Amino acid sequence: MPSTNPVRFDPSVETIAPDEQETLQSMKDSFQEILETTSEDYGHAVRSVHAKAHGIARGTFTVADGLPPELAQGIFATPGQHEAIIRISTNAGDILDDSISLPRGLALKILDVEGARLPGSEGDTTQDFIMVNGPAFSAADSKAFAKNLKLLAKTTDRFEGVKKAMSATFRVVESALEAVGGKSATLTTLGGAKPVHPLGETFYSQTPFRFGDYIAKVALFPVSPELTGLTGDLVDITARPDALREVVREELVEHGGKWEFRVQLNTDLEKMPIEDASVVWDEAESPFVTVATLDVPAQLSWEHGVTDHTDDALSYSIWHGITAHQPLGGVNRVRKDTYMQSASFRGKFNGCPMHQPAKLADLA
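Residues numbered from 1 in each chain as written. Predicted model: local features only at pLDDT ≥ 70, side-chain atom pairs only at ≥ 80, totals over all residues. Heavy atoms only, no water.

Thoughts on the packing of aromatic side chains
This model, assessed by the stated rule, comprises 11 aromatic pairs. With centroids separated by 5.5 Å and ring planes inclined at 20°, the aromatic side chains of Phe76 and Phe261 adopt a geometry described as stacked. Separated by 185 residues along the polypeptide, Phe76 in the loop between β1 (52–63) and β2 (80–90) and Phe261 in strand β8 (residues 257–265) bring together distant segments of the chain. Among the residues examined, Phe76 registers a relative accessible area of 1% and is labelled buried. Classification of Phe261 as buried rests on a relative accessible area of 0%. Grouping aromatic residues by their ring pairs yields a cluster made of Phe61, Phe76, Phe129, Phe211 and Phe261. For the cation-ring pair, Lys109 lies above Tyr316, with the distance from its terminal atom to the ring centre recorded as 4.5 Å. Cation over ring: Arg262 sits above Phe221, and NZ or CZ is 4.1 Å from the ring centre. (Phe/Tyr/Trp six-rings, centres within 6.5 Å; stacked < 30°, edge-to-face > 60°. Helix = DSSP H or I, 4+ residues; strand = E, 2+ residues; numbered from the N terminus. Buried < 20%, exposed > 50% of the residue type's maximum accessible area, 1.4 Å probe, protein only. Lys NZ or Arg CZ within 6 Å of the ring centre and 35° of its normal.)

Here you go:
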């Protein structure tokens, strides 16, 4: 359990930069460039970030009973089960060969959630959490995020051969850094990430959220033996453009998996800043504590011609949810309109408007 008193949420914990709207517009321009480029190339609109899915799986999200007051917040205030669906992906806005090794994402959608809604998700009953296999965001603030996105927009769907070569080089450099205790978020983001098995990874929100009366980051930890046995395993990506989709499918169709959803409460605004998303919150100061579990039964996580349609029908956003889990910080604030922009573009281009499912049976 947390060893010190958690910081209480107050709107004053956020500091809005005077030029944040300009930064947001820059990001929207980059998103539009990515969306138009990829939809023209593919004849089909894909997400402007995390375009390539490696697997989609359905399961049960169970909120633990008997949580202490500081953890029984928001959707975790009421024990019980919810339907849920996860999407495992890579962070680029174009659909790349898996030999271009980038950070992996896991988006979790929890259904039948009650509570006052965040702006833009009124009338829905879902709660989304978007996580990446690293504890901190690659950009400190929205300006740095916008700069990274502008670079991504200029390289979207271009020079795949160069990207493959660069990714291989960056992986060597990153491995050398890690051998001496170092790590580069920049190299990882540019293609230096190790080709680890996604199902063995821990996925982090990276950015802070309101947690009812408090403030927290969240993470999804693999706990079933079949998943923890994959932690650190490297996938052979040689001449296998969809290697990750293949290994995720093989594992989930045989075993399924179980994860724990854990919360890290903010206990010090100086050491755990809201507006600098690149800072890793020290687990010695505030450990991650389990508040729920995610159980995914054995199933086919990708079937060509079927799962593609489910993927098209799904949209994830950290702003799909309840007020008690409001995203915090500049990086999160600029993600609101841009994620909505991406989903709207996909819906119009593909002729399939986005709707949040009330139950899993609503999905194809």
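Once you've had a look at it, read on.
Things to note about the pattern of salt bridges
With the rule as written, the count across this model stands at 16 salt bridges. Among the ionic pairs, Glu285 bridges to Lys271, the shortest N-O distance being 3.1 Å. Of this pair, Glu285 sits in the loop between β8 and β9 (289–296) while Lys271 is found in the loop between β8 and β9, placing the two residues 14 residues apart along the sequence. The partly exposed category is assigned to Glu285, whose relative accessible area is 28%. Residues Lys336 and Asp337 are paired through a salt bridge, measuring 3.8 Å at the closest nitrogen-oxygen approach. Three or more residues joined by partner-sharing salt bridges are found here, namely Glu14, Glu20, Glu275 and Arg333. (Salt bridge = Lys/Arg side-chain N within 4 Å of Asp/Glu carboxyl O.)

Considering the layout of surface pockets
Taken as a whole, the second largest pocket spans an internal volume of roughly 390 Å³. In terms of lining, the second largest pocket is formed by 22 residues, of which the most central are Val46, Ile95, Arg245, Trp302 and Asp308. Contributing elements (two or more residues each) for the lining of the second largest pocket: β1 and α7 (307–313). Here the lining of the second largest pocket takes 4 residues from α7, the largest share from any one element. Its residues assigned to classes, the lining of the second largest pocket shows 9 nonpolar, 3 polar and 10 charged. (1 Å grid on protein atoms, 1.4 Å probe; cavity = no way out; pocket = protein on both sides within 12 Å on 5 of 7 lines; lining within 4 Å. Points joined across faces, edges and corners; volume = space filled by probe spheres on them. Nonpolar A, V, L, I, M, F, W, Y, C, P; charged D, E, K, R; others polar.)

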